[in-house]
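Per-entry structural report
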Amino acid sequence: MKILAIDDQKLVLIPLESRLKEMGYEVITETDGVKGIELFDSFKPDLVIVDINMPTISGLEIVKHIRKVKNSNIPIMILSGNTDDEMITQGFELGVNDYMKKPLSLTEVGLRTKRLIGAPENMDATKKYSNTIIQERCVGVVIPCYNEEERLLSKEFTDYIDKNSGYHLCFVNDGSKDKTLEVLNNLRKGREDFITVYDCEKNGGKAEAVRQGMLYMAKQEDLDYIGFLDADLSTDLADFNDLVTTIENSDYKIVSGSRISRMGANITKESARKVISMSINFIIRKILSMDFKDTQCGAKIFHKDVIDVSFKEKFVTQWIFDVEIFRRITLHYGLDKAKQMLCEQPLKRWIHADGSKLSMKDSVKIVGQLGQIAWYYRKGKK
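The rules we used
- Residues numbered from 1 in each chain as written.
- Predicted model: local features only at pLDDT ≥ 70, side-chain atom pairs only at ≥ 80, totals over all residues.
- Heavy atoms only, no water.
- Helix = DSSP H or I, 4+ residues; strand = E, 2+ residues; numbered from the N terminus.
- Buried < 20%, exposed > 50% of the residue type's maximum accessible area, 1.4 Å probe, protein only.
- Contact = heavy atoms within 4.5 Å.
- Areas by Shrake-Rupley, 256 points an atom, 1.4 Å probe, with all protein chains shown as cover.
- Core = buried A, V, L, I, M, F, W, Y, C linked by side-chain atoms within 4.5 Å.
- Axes fitted to C-alpha atoms, helices over the stretch in contact; angles between N-to-C directions.
- Parallel < 35°, antiparallel > 145°, perpendicular 65-115°, else oblique.
- Nonpolar A, V, L, I, M, F, W, Y, C, P; charged D, E, K, R; others polar.
- Pairing = 2+ DSSP bridges.
- 1 Å grid on protein atoms, 1.4 Å probe; cavity = no way out; pocket = protein on both sides within 12 Å on 5 of 7 lines; lining within 4 Å.
- Points joined across faces, edges and corners; volume = space filled by probe spheres on them.

Another point: the overall build of the protein chain. Counting its secondary structure elements, the protein chain contains 14 helices and 16 strands. By residue count, 50% of the 382 residues in the protein chain fall in the buried class. Within the protein chain, counting contacts between residues at least 6 apart in sequence, those at least 24 apart form 77% of the total. Per element, the accessible surface of the protein chain, about 17,800 Å² overall, is 48% carbon and sulfur.

Written out as structure tokens, the structure reads:
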């Protein structure tokens, strides 16, 4: 029993193909709609699974080709994030047999596949499958790492991407002197399509590590959004996913996590750090002319079309590059437009992790770096 799956996002196709093959089906996938039509002719599938929104040719055009040009009645299932009633109606009028909206579980896809074409003879009915979720969008996450051999929570990262498709993690080894690179390469084994290890031979600091990772991930065509996250997971992946949900359901170009203490949130900081943070934040608000509560949270998500403006040039400072990002956006788009593009979203959880590389002495130096930023960008440089 053969299945052809067509979707322009590889991160969606990989877990889908894996699950259907586990169930005993013969599966071919394609990210290009035109090539998908060619495969339909040569592969002669028993079921076609197709996305609607694709760059070269829409999924509905593929359905039309199968039904009108090829005059075929084979089952067609649509997996799409498109919920437009007119589009759904058009799909059924063209002859699709099922329409499933992303995000959805692979378990449900498997059940509906069996309903449409039956189960393969070699299928193990007693086997238990993981309930992986196919996301509507694909997200790249850059995680800078410097001497994280002891602190890296490898299992938390792998467990999350195993259960949530659509995420590609890019760990940037910032010239670590311990066995961080070895740990990262071991973490990547068996998950090469979902984890990248970007190795910087020399330590350039967090700002440069994030910049290099963001620019690298921006070249990946199937990613909709790209963000960065601290390796110690002081902000966890579930909270990061909430930031992604906000940006995909709005017109914001950048959504930044905020460690604001509030009812129902688990936010912990050292008391001394909190005092210094409040003082620094006052200066930052003056520099940016924005009422930001917390620019320095290590969890942010970006629309791909602002990556170049935000990260193309090297940062002036090593630690407070977040302020430089917002300043660059303001200079490029103007203050009023920038305010419409930026969103600060309170986190549900943020825990200060032991072993932080930023000492109290370093925190004091930040004030001097803020002065450096104010002077540099006042000159109109970007």
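Take the nonpolar core next. Counting 80 residues, the largest nonpolar core has Phe171 and Phe240 as the members making the most contacts within it. When near neighbours in sequence (up to four residues on either side) are disregarded, phenylalanine 240 contacts Val139, Val141, Tyr167, Gly227, Phe228, Leu229, Ala299, Lys300 and Ile301.

Attention now goes to the packing of helix H6 (residues 154-163) against helix H9 (residues 237-248). Closest axis-to-axis distance for the H6/H9 pair is 11 Å, and the angle between their directions is 45°. Taken as axis vectors, H6 and H9 run oblique relative to one another. Where H6 approaches H9, its residues Glu156, Phe157 and Tyr160 are matched on the opposing element by Leu237, Ala238 and Asn241. Classifying every residue of the contact of H6 with H9 gives four nonpolar, one polar and one charged.

Taken in spatial order, the seven strands make up an open sheet running E10-E9-E8-E11-E14-E12-E15, and their pairing is mixed. Each edge of the open sheet carries a strand with a single partner, namely strand E10 (195-200) and strand E15 (342-346). For this sheet, the mean angle separating the axes of adjacent strands, direction not counted, is 20°. Relative to strand E14 (residues 299-303), strand E11 (residues 225-229) is paired through five bridges, and the arrangement is antiparallel.

Its boundaries defined by the atoms lining it, the second largest pocket holds a volume of some 310 Å³. Pro15, Ser18, Ser130, Thr132 and Asp162 are, among the 16 residues lining the second largest pocket, the residues nearest its centre. Breaking the lining of the second largest pocket down by element, the ones donating at least two residues are helix H1 (10-22) and H6. No other element matches the five residues that H1 contributes to the lining of the second largest pocket. Class assignment for the residues of the lining of the second largest pocket results in six nonpolar, six polar and four charged.

Here we come to the sheet that holds strand E1 (residues 2-6). The five strands lie next to each other as E2-E1-E3-E4-E5, forming an open sheet whose pairing is parallel. Each of the sheet's edge strands pairs with one partner strand only, and the pair in question is strand E2 (26-30) and strand E5 (98-101). Each strand axis lies, on average, 15° off the axis of its neighbour in the sheet, ignoring direction. Bridge analysis of strand E3 (residues 47-50) against strand E4 (residues 76-80) gives three bridges, and the strand direction is parallel. Pairing of valine 50 across the sheet is with isoleucine 78, part of E4. H1 contacts E1, E2, E3 and E4 of the sheet and is inclined by roughly 170° relative to E2.

Glancing now at the pairing of strand E12 (residues 254-258). Of all five residues in E12, five are buried, a share of seventy percent or more. Here E12 shows no split at all, with Ile254, Ser256 and Ser258 on one side and Val255 and Gly257 on the other all buried. As paired strands, E12 and E14 are joined by three bridges and run antiparallel to one another. Counted as the bridge partner of serine 256 is lysine 300 from E14.

In this structure the tally under the stated criterion is one cavity of 30 Å³ or more. In this model, the largest cavity occupies a volume close to 40 Å³. Lining the largest cavity are Ala5, Ile6, Asp7, Val12, Leu13, Leu16, Ile49, Val50, Asp51 and Leu79. Top element by residues in the lining of the largest cavity is H1. It accounts for three residues. Of the residues belonging to the lining of the largest cavity, the class tally is eight nonpolar, no polar and two charged.

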